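Summary of structural features
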Amino acid sequence: MKVPFLDLQLQHQAIRTEVLAALADTYDHTRFCLGQDVEQFEQAFSATLGYPGTLGMNSGTSPLHLGSLCGGFGPGDEVITTPFTFASSCWGISYTGATPVFVDIDPDTWCISPAAIAAAITPRTKGLVVVHLFGQPARMDEIMAVARAHRLFVVEDCAQAVGATYRGVPVGLVGDCGTFSFYPTKNLGGCGEGGAFVSRHPAVLDRARLLRVHGSPRRYLHTEVGFNFRMDGFQGAVLNIKLRQLAGWTARRRAIAAQYRAGLTRSDVQLPAAPPTAESVWHQFTLLHPQRDALRSHLQQHGIGTDIIYPGPMHLQPCYAALGYAAGSLPVAEQTSRHCLSLPIFPELTDAQVAHVITAINSF
Ligand SMILES: *Cc1c(COP(=O)(O)O)cnc(C)c1O
């Protein structure tokens, strides 16, 4: 039996007719940049997931940039973040000229450690970029307590966590703003690039709306040096259709995760934590194993695709060499990078395929 790590074609075949008809409409009405398709998507995203407002953007990296600007980050400021994430989580900090300060992760959720944040605060600390990794919300109670005590601006990178909640609150509304990516492989993916920005503060949402389109409150008036971070009408049209399926897809991801959790019983496998305070949307199902590479080839021999997410923590990437982190300085993140293996988890996987993965791991 073959079990691909991810198969996007299955999902897209199922909605092909509907999506192509919507794209044809957009082609005909010609509002290609923002426009009614994006407005409809923003309204539906807010209503479905519980946001007071949503700003559609051209990627998941752009809202991270705006989050750092809304936090007032700039040269001389320190912004604490996690090294165990996709690179662009830290780009927003660097784009503003602020310094990313990498701290270690929680050994069980693999998100940023609240105790490590508290230990890294200095008089220059201005904010936090928290990543809800693999769909699992970080420990926001403890993180927000530190943030409030030190008046820090909290950006939540929700690129992998669309639909996840923390104590019933949608991610992105716990901190000061939240950012999403609709890159095709995300839980809600477009046919190309896309992203979104949310905030519980009306003033933050307004500032991000202004910066999204050339710092321009109305045509040919520019009150700030802005950006072009508009979402394409075609992406809005696709995402509108896909958003209707998201709850069903998330439910299926949760069922697959439950099947993995029940079946994977080896004592040498560390499963992802699922604390009762948060509801993960299982963007990835990742486990840790001390012989990760051997386990990976064993699964490959059984026709099972896997991935290593992420093999190199950000504090040791060449782009941040000037920050001077030594190997061994953030031991939990580094060990997690060496031992992590992500298993297939996408809504179209069958129970039999998941059972095949479980059997193969248990026979390793
Ligand atoms: C995908 C992703 C992003 C960036 O999104 P793009 O749409 O590729 O710009 C940022 N952070 C995390 C954690 C991601 O997984």
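A brief report on the enclosed structure follows. By convention here, each chain's residues receive numbers from 1 onward along its written sequence. Predicted model: local features are reported for residues with pLDDT of at least 70 only, side-chain atom pairs are reported and counted for 80 or more only, and whole-chain, interface and lining totals are derived from all residues. Hydrogens and water are ignored here; the side-chain numbers use all heavy atoms of the structure.

1. A short note on the side chain of Thr-85
The secondary structure listing takes helices from DSSP runs of H or I that are at least 4 residues long and strands from runs of E that are at least 2 residues long, numbered from the N terminus. Mapped onto the secondary structure, Thr-85 falls in the loop between β2 (78-81) and α5 (88-95). Side-chain atoms alone can form a polar contact between residues adjacent in sequence; in general such a contact is a pair of N or O atoms within 3.5 Å, and within protein one must be able to donate a hydrogen while the other accepts it. Looking at Thr-85, its side chain comes within polar contact range of the side chain of Ser-89, at 2.6 Å. Residue contacts follow a heavy-atom distance rule, with two residues in contact if any of their heavy atoms lie within 4.5 Å. Leaving out residues up to four positions away in the same chain, Thr-85 has contacts with Val-131, Leu-133, Tyr-310 and Met-314.

2. Section: the environment of Asp-307
In this fold, Asp-307 is placed in the loop between α10 (292-301) and α11 (331-339). Summary of the burial criterion: residues with accessible area below 20% of their type's maximum are buried, those above 50% are exposed, and those between are partly exposed, where the area comes from a 1.4 Å probe applied to protein chains only. Relative accessible area serves as the criterion here: at 31%, Asp-307 is assigned to the partly exposed category. Measuring from C-alpha to C-alpha, the distance between Asp-307 and Cys-340 comes to 8.8 Å, with 33 residues separating the pair along the chain. Setting aside anything within four residues of it in sequence, one finds Asp-307 in contact with Phe-5, Arg-296, Leu-341 and Ser-342.

3. Quick word on unusual backbone geometry
The residue after Ile-309, namely Tyr-310, is reached through a cis peptide bond having omega 15 degrees. With respect to the element layout, Tyr-310 can be found in the loop between α10 and α11. Residues other than glycine seldom take positive phi values, yet Arg-151 does so here, at roughly 50 degrees. The residue Arg-151 is located in the loop between α7 (140-149) and β5 (153-157) in this model. Its relative accessible area of 77% is what places Arg-151 among the exposed residues. The backbone of Tyr-220 shows a phi angle near 65 degrees, a positive value even though the residue is not glycine.

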